[in-house]
Amino acid sequence: MKTPYGHRVYGIAAEYPSAAALYEAAKQVRDAGFKRWDVFSPFPIHGMDDAMGLGKSWLSAVVLCGGLTGLATACILEFGPSSFLYPLIVHGKPYNFWTVPAFFPIMFELTILFSAFAAFFAWQIMGFLPRWNHPMFNWNRFKRVTNDGFFLAIEARDPRFAENEVLALLERTGGQHVTVVHEE
Amino acid sequence: MDGAPTTAPEVIAGEASPSVRPPLARVPLVLNRRNFDWVTNRIAGAVEGPTPRWWWVSFAITGGIAAFGLICLGYQISTGVGVWGLNHPVGWAWDITNFVFWIGIGHAGTLISAILYLLRQKWRTSINRSAEAMTLFAVICAAIFPGVHVGRVWMAWFLAPVPTQYGIWPNFRSPLLWDVFAVSTYFTVSVLFWYTGLVPDLATLRDRTTSKVKKFLYGVFALGWRGSNRNWRHYEMAYLLLAGLSTPLVLSVHSVVSFDFATSVIPSWHTAIFPPYFVAGAIFGGFAMVLTLMIPARAIFKLQDIITPQHIDKMAKIILLTGSFVAYAYAMEFFIAWYSGNQYEKFAFYNRIFGPYWWYWWVGMLFFNMLSPQLFWFRWCRHNIFVVYFVCMCVNAGMWFERFIIIVGGLHRDFLPSSWGLFIPTWVDIWTFIGTLGIFTSLFLIFIRFLPMIAMSEVKIVLPEADPHHVTPEQHHPVAAGGMERT
């Protein structure tokens, strides 16, 4: 979709006066059946995932995989050298499987380490971060999003997107400064 | 079940009605009804203005001390560990004392950021950022000591489990190697957690700054953050999981540090109480250091509305609680030494209070650690900044003495009187430790100059208007809006 001046349109966005107003608006946009839209706020708003119709984040599954990888790494790292590559009896401890309690601390640490890395990279990748820029930053008012601004944007890519209807919806939900945001 | 249908509608009606005031109103976490914009301006403003003169003066002093500490380290590395006062019975002294002291200080930061988060203690939002930064800097200072204590620093890579042409591997059954893994994991996870929390605030600085260079740098580290709820959703889950992972991690780190002692056979080291005792002591000492840093910072940057007397009161209560754990552990050590009937164990504790290092125990452990926090039973003491600061200083010093008593006190008189000795620190010992104090404070000064010292996005969550069901005074009558506040 393009404007008469040839700008590609990213979507239509509105600003809301408060977290509560944004929350109510999100519920209405969700119920109107839109899929490609987002809300922007300076802090996570409690209950917003439900208001947007998003489920629970599945990031925890990624972290579980990270943790299991860490545990497996620790097992290989400890049993490999201690039982096979360089078996040695130290402090009277055997080098067969029954030395495993002495391996627990490192197994624990590596499980935590790999889980933490999984969590750290997963939240970025699942949020399509890092990125250099975003069309929303073309809107001057949007700078306030990291201070005290609450915004909602419906993307032009949404199959239900129709300019007049979206404008009307955003105004009906209490949106202010309703603006067409350009891609570049 | 009969009663349920009749009572349920009343409860729901009561919750829905905004005019119902909670019977016990909470004191707000941010005072004077500050709004989002005020929070941003006050916290980001501390970073954005021109560098104040006091900052340069402080940094020159701490930087100078840090530089001299680094010179001492260089002298020690180039000459050998003989420049320290280590000797035959006392092979671990100030170096390991300093290591345990610093790593313990770090624990309060993780407690605040992770454990209090899991426990839904919302007051943590005002202090978690700087406490986590403190953790990182303390762990950096801690890591210096075992690093140079190995003697031949260029051989420190032997600690890492890498295949070499010698075919030698580290001993995975040694607590010293567990320590390597525990401390390095702790540092890495703390950095990840801290940086994750920092991203939304870096975006705030990026959007506010007018300087192109700063915009680029803050922008790069903000990762293109734009407060999208599709990002917040995964971000919050990651934050929760990092908190959940850090919680057992922080408890494990000081437990592993205590294994360095507890798995040995030295009288007074070989005790099962060490892991919980060390963890409680770490949190105790760490909270004292948090307050040591935050009390001046809140006055300098005029953050009294965000770090309120309520916050200081709560931290003082944690110091009282963990200080009492520590006092109990001290007493229990004496009891077990007597109850064990083991003459070496009994002698070690007799020697602790009447031996050559007697005053370390009487001043450091008894007065500083066991008695001084007991002042916090009194509300007046918890609300008097000078008393709080005095107790924190006592605890900071006391926890250093405690580690010295455990380490040197355990080593200097063991089984054979013919092998007894004393430890006397050299100037290099003393200045290396003071140097790390300089490194720590210099890093903290750099932190408060360039990064927001309070988590803005998290403080905003505890404001009443962050609640999606919040009603403004214009929408309803004023009692409803002030319902959560006591003025």
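Residues numbered from 1 in each chain as written. Chains lettered and ligands numbered in written order. Predicted model: local features only at pLDDT ≥ 70, side-chain atom pairs only at ≥ 80, totals over all residues.

### Quick notes on the confidence of the model for chain B
Residues and elements named next belong to chain B.
Moving on, step 1. Per-residue pLDDT for chain B has a mean of 89; in total, 92% of the residues score no lower than 70.
Moving on, step 2. Throughout residues 477–487 the model reports pLDDT below 50, and contacts reaching past four residues in sequence, or to other chains, amount to 22 contacts.
Moving on, step 3. Under the prediction, the complex receives an ipTM of 0.94, its pTM being 0.90. (pLDDT = per-residue confidence, 0-100. Contact = placed C-beta atoms within 7 Å.)

### Overview of the pairing of strand β2 (residues 37–40) of chain A
All names here are of chain A.
Moving on, step 1. By the alternation rule, side chains of β2 split into W37 and V39 and D38 and F40, which are all buried.
Moving on, step 2. Pairing of β2 with strand β3 (residues 150–155), which is carried by four bridges, proceeds in the antiparallel orientation. Directly across from F40, in β3, lies its bridge partner F151. (Buried ≥ 20, exposed ≤ 12 C-beta atoms within 10 Å, placed from the backbone. Helix = DSSP H or I, 4+ residues; strand = E, 2+ residues; numbered from the N terminus. Pairing = 2+ DSSP bridges.)

### Quick look at the interface of chain A and chain B
Moving on, step 1. Taken together, the contact pairs 61 residues of chain A with 54 residues of chain B.
Moving on, step 2. Looking at the side of chain A that touches chain B, the elements with two or more residues in it are α1 (19–31), β2, α2 (48–51), α3 (59–85) and α4 (104–126) of chain A.
Moving on, step 3. Within the side of chain A that touches chain B, the residues separate by chemical class into 37 nonpolar, 16 polar and eight charged. (Nonpolar A, V, L, I, M, F, W, Y, C, P; charged D, E, K, R; others polar.)

### Things to note about the domain arrangement of chain A
Moving on, step 1. Under the domain assignment used here, chain A contains domain 1 (9–55 + 130–182) and domain 2 (59–126).
Moving on, step 2. For domain 1 of chain A and domain 2 of chain A, the distance between their C-alpha centres works out to 44 Å. (Domains from an automatic or database assignment.)

### Here we look at the packing of α3(A) against helix α8 (residues 229–262) of chain B
Moving on, step 1. In the contact formed by α3(A) and α8(B), the axes pass within 9 Å of each other and the chain directions differ by 40 degrees. With respect to each other, α3(A) and α8(B) are oriented oblique. Relative to α8(B), the crossing made by α3(A) is right-handed. Contact with α3(A), carried on its side by A:L59, A:S60 and A:V63, involves B:H234, B:M237, B:A238 and B:L241 of α8(B) and no other residues of that element.
Moving on, step 2. Looking at the contact of α3(A) with α8(B), its residues break down into five nonpolar, two polar and no charged. (Axes fitted to C-alpha atoms, helices over the stretch in contact; angles between N-to-C directions. Parallel < 35°, antiparallel > 145°, perpendicular 65-115°, else oblique. Left-handed = near helix turned anticlockwise from the far one by under 90°.)

### Here's the deal with the packing of helix α12 (residues 358–371) of chain B against helix α14 (residues 385–412) of chain B
Residue and element names in this part refer to chain B.
Moving on, step 1. Relative orientation of the contacting elements α12 and α14 amounts to 135 degrees, with a least axis distance of 8 Å. For the element pair α12 / α14, the angle class is oblique. The handedness of the crossing between α12 and α14 comes out as left-handed. Facing Y360, W361, V363, G364, M365, F368 and N369 of α12, the residues of α14 in contact are C394, V395, A397, G398, M399, F401, E402, F404 and I405.
Moving on, step 2. A class-by-class count of the residues in the contact of α12 with α14 yields twelve nonpolar, three polar and one charged.

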